[in-house]
Amino acid sequence: MPLPRAMRRVRNLIVATLIARDLGGSADLAEVVDTMSAFADFAVKTHVAAVTDEMSALHGTPIGAESGDPQQLIVLGMGKLGGGELNVSSDIDLIFVYPEEGETQPASPDQRQLSNHEFFTRLGKKLIADLSAIAEDGFTFRVDMALRPNGVSGPLAASFGMLERYLIVQGREWERYAWVKARALTGRQADIDALEAIVRPFVYRRYLDFGSIDAMRSMHAQIRAEVTRQETRHPDRSNNVKLGRGGIREIEFLAQVFQLIRGGRDADLRDRSTRATLRTLAEKRLLSAEVVEQLLQAYTFLRNLEHRLQYLDDAQIHTLPASETDRLAIAQMMGFPDLASLLQALESHRAIVAAQFDAIFSDKKKDAAGSDASAAAEISAALSDTDSRETIETRLTALAFDDAPAAAQRLLATWQSPRLQALPEVSRNRLIGLVNTALPLVAAITEERSATLGRLLDFLEAVARRAAYLALLTEYPQALERVIRMMNASDWAAKYLTRHPLLLDELLDDRTLKSAPDWAAFAQECKRQLDAAPGDTERQMDTLRELHHAQLLRLLAQDIEGELSVERLADHLSSLADILVGATLQAAWCAIQNRHRDAPKFAVIAYGKLGGKELGYASDLDVIFLYDDDHPDAPPLYAKLAQRFISWMTAHTPAGILFDIDIALRPDGASGLMVSPFASFEKYQAKSAWLWEHQALTRARFCAGDAAIGTRFEALRETVLRQPRDEANLKQEVLSMRKKMHDAHPNRSPLFDLKHDAGGMIDIEFIVQFLVLRNAAHYPRLTADIGNIALLKLSGELGLIDQQSAADVADAYRTFRKLQHQIRLQGEERARVEAGRVTKEAAAVKQLWSDIFG
């Protein structure tokens, strides 16, 4: 029996079985679409193999001109076939490609040589004929080739080079949408991988592509216009379950817009299945679980209804039939007693889909136009006029800007800058729209309107060349509003966003932005993303930075909203740093080719702000490196690991840096080894360390790496801190070190330096360190790494200092840290305030200092 006839008979049997099982309630949607997709895969592969053998017998094997390798046709399944969600009566959308140009290599004189292009074109025509030929027993599949490059006017088969040129030069936005579903049904895996490397950059941008929303909105509008036209001309073709309002296509668009926006940065969002993609959106909290469940239910209902429409005549139709008898039959196949019940359920599902579609795809520019249309026209005209300063100033004055003339000058100067004047018209128009939307939001702020506007203009000017960022702020006005609030609250936040505009994506979802950090889950996500790019050092370094920046922005947003105390923020920032240090250490170790063990016997020890868990947003990390490994290759390998670790942390990549690293606290300082054997470090601390190095140990802790070394370090730290000490000598050395630090940071201003001045934070830290070193031999609890405030209170409880003084100085330290944090948020390097603001606090510190040191 000829293969086409056999395949048709198999298809008829499968379809009949599926229809019976579906209507009998034995098969769900997944079984129907999975079975049809699997059969289509089998049919294509089987026919391709047969036709290839037939063509090769006539013309020889096609050979690549560059590689000299035999060539195979790659058949790409597109649309529902590509997504593994084929209907029983679906066309199959195919594209034919092959790796290289060249010629066939005849094996005998009677074989006629063809170019590879002609060979695969003929093969494709024969394949289409075998699959779609209609006989008395039906057909296997109707074939649609309209999605190939240049559509029906393009060549039937294209080489990889031809396809790549087309996608780069002519590829349109709707084709990105179509190629999301592309799945290779035939071909060698190496060729399929090479093809994916060509297609992926076209479909998935490396940045977050929010311009996809507008492009898909336009595509949807064209589809809806055509459906409306058809329904107007043929009223009996209403209720299109595929292309109509709230139909299947809108659900597919909802899933795929997130793929086009984020798929370039998140491989999890590259699944070809609509159902799988929707579930991933819920897992990643890009859509709520409730919304996704409603969409999945609607999708299942609409696809089941679509199947029943097609069961009537084995035809690819998507509208209810004109016949009342057929309509009733459809309703009953769907489990409803009458047509009215079916239509009611249909409308309910479509309303849910349409509402969610509008939430994503409604034109935000049109939505906002009514609120400030006249003002938008005014500012648009004014910005286009070189003599417009007075007009802009008048409007800013009406909006109660504190310095309207300066703000008007700044707005006009920014708009007329060469960078913005060089923008394409579409970006300039979008920028005008954003400014018009932003001005009332800035005006609603109670103070520093002009400063906030200036920060916002700096930001917009910096990101204006990236249309995706302008699209994001246009499509998500709530993100623009949050940007403005953050920039009003903090100049540092404004500059941080300007340096890392990729973080705008973090501002879209309040649930993610305001949720408490889950550090265990974050550590797992770090590992997952690093493992996804093995051997790609540049991508891994960028991944670490992007993860860091995203978490930092979430903490910053919660901080600015007043949801975190300074102490709680520092705990979070320290936990974040610990995880990134550990992840970086492991990734850097894996990048060393000749490493002698899977996990290094190597530890990072944190000192200073990180050690004391008092880290700020821009703090550097004070660390030392220890190892405990007798392997002869250990010293040079761990030295290389330390160098790589520092490089991974401090190198400037497109995503910025991770942390600045300071290793000055290692044994013997700048003249010492970068990495110390634990035994040498132990000996150094016992016999050679300066007192200030023991002071530093009071704020040291194991951070990352080998836990056994960490345990030994903690034991050594407690032993060193609990040594009996001569009080007079201890006091003299602490005072000497404090004087050196004071002299190194002179304050010639009338302001009070919260950190360095007498009565400030350094004095408090020295008091605590002195109390620990003097008393830990008798009170081991003092060696706990619990922070300066807790140690002050503990010292008061133990009677080492006056309990009220301990409480007053602890409150002073908390106040100083809070003020320092507020000043740093405004971008100031020195944390200085009017002396009168902290008179009581500084006096309490000076009094305790005097009580202890005289």
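Here the structure is shown first, and the text comes after it.
Residues numbered from 1 in each chain as written. Predicted model: local features only at pLDDT ≥ 70, side-chain atom pairs only at ≥ 80, totals over all residues. Heavy atoms only, no water.

Draft legend 1. Spotlight on the pattern of salt bridges. All chains considered together, the criterion is met by 46 salt bridges. Among the salt bridges present, the one from R21 reaches E31, with a minimum N-O distance of 2.7 Å. Placement of R21 in helix α1 (residues 3–23) and of E31 in helix α2 (residues 29–59) is noted, with a sequence separation of ten residues between them. A relative accessible area of 32% places R21 in the partly exposed class. For E31, a relative accessible area of 25% translates into the label partly exposed. (Salt bridge = Lys/Arg side-chain N within 4 Å of Asp/Glu carboxyl O. Helix = DSSP H or I, 4+ residues; strand = E, 2+ residues; numbered from the N terminus. Buried < 20%, exposed > 50% of the residue type's maximum accessible area, 1.4 Å probe, protein only.)

Draft legend 2. Spotlight on the packing of aromatic side chains. Applying the stated criterion across every chain, the model contains 18 aromatic pairs. Consider the rings of Y98 and F120, whose centres lie 4.9 Å apart with planes at 25 degrees: the pair is stacked. Residue Y98 is found in strand β3 (residues 92–98), and its partner F120 is found in helix α4 (residues 116–132); the two are separated by 22 residues along the sequence. Just as Y98 is buried, F120 falls in that class too. When the ring of F357 is compared with that of F361, the centres are 4.4 Å apart and the planes differ by 20 degrees; the resulting orientation is stacked. A residue pair is termed a helical-turn pair when its members lie 3 or 4 positions apart in one helix, as F357 and F361 do in helix α13 (residues 339–361) at four residues. Taking the relative accessible area as the measure of exposure, F361 reaches 3% and is therefore buried. (Phe/Tyr/Trp six-rings, centres within 6.5 Å; stacked < 30°, edge-to-face > 60°.)

Draft legend 3. Region of interest: unusual backbone geometry. Here N150, not a glycine, exhibits a phi torsion of approximately 65 degrees, which is positive. Mapped onto the secondary structure, N150 falls in the loop between β5 (143–144) and β6 (157–159). The backbone of K613 shows a phi angle near 55 degrees, a positive value even though the residue is not glycine. Looking at the element boundaries, K613 is found in the loop between α28 (608–611) and β9 (621–627). Residue classification places K613 among the partly exposed positions, given a relative accessible area of 37%.

Draft legend 4. Focus on helix α20 (residues 449–463). With 15 residues, α20 should cover 21 Å at 1.5 Å per step; its first-to-last C-alpha distance of 21 Å lies within 8% of that length. For α20, a buried count of eleven out of 15 residues is recorded, marking the element as mostly surrounded by other parts of the structure. (Expected span 1.5 Å × (residues − 1).)

Draft legend 5. Here's a closer look at the side chain of N240. Secondary-structure assignment places N240 in the loop between α8 (211–233) and α9 (248–262). Note on N240: relative accessible area 11%, which makes it buried. Of note is the side chain of N240, whose polar atom sits 2.8 Å from the backbone nitrogen of L243. (Polar contact = N/O pair within 3.5 Å; in protein donor to acceptor, adjacent residues only side chain to side chain.)

Draft legend 6. View of helix α25 (residues 519–531). Across its 13 residues, α25 extends 18 Å between first and last C-alpha, which sits within 8% of the 18 Å expected from 1.5 Å per residue. Residues W519, F522, C526 and L530 constitute the buried set of α25. Buried residues of α25 fall within an arc of 70 degrees about the axis and therefore sit on the same side. Exposed and facing more than 90 degrees away from the buried side of α25 are A520 and Q524. Those residues of α25 hidden inside the fold are in contact with α26 (537–560) and α27 (566–590). (Arc of directions from axis to C-beta. Contact = heavy atoms within 4.5 Å.)

Draft legend 7. Quick look at the packing of helix α34 (residues 761–775) against helix α37 (residues 839–853). Where α34 meets α37, the closest approach of the two axes is 10 Å, and the angle between their N-to-C directions is 35 degrees. Judged by the sense of rotation from one axis to the other, the crossing of α34 with α37 is left-handed. When α34 is examined against α37, the residues D763, I764, F766, I767, F770 and L771 are found in contact with a partner set consisting of V845, L848, W849, I852 and F853. Residue composition of the contact of α34 with α37, grouped by class: ten nonpolar, no polar and one charged. (Axes fitted to C-alpha atoms, helices over the stretch in contact; angles between N-to-C directions. Left-handed = near helix turned anticlockwise from the far one by under 90°. Nonpolar A, V, L, I, M, F, W, Y, C, P; charged D, E, K, R; others polar.)

Draft legend 8. Spotlight on the nonpolar core. Judged by nonpolar contacts, the single largest core of 170 residues is most densely connected at W179, L456, L473, F602 and F625. At twelve residues, α27 tops the list of elements feeding residues into this core. Beyond its immediate stretch of four places on either side in the chain, F625 contacts F602, A603, V604, A642, F645, I646, I663, M674, V675 and S676. (Core = buried A, V, L, I, M, F, W, Y, C linked by side-chain atoms within 4.5 Å.)

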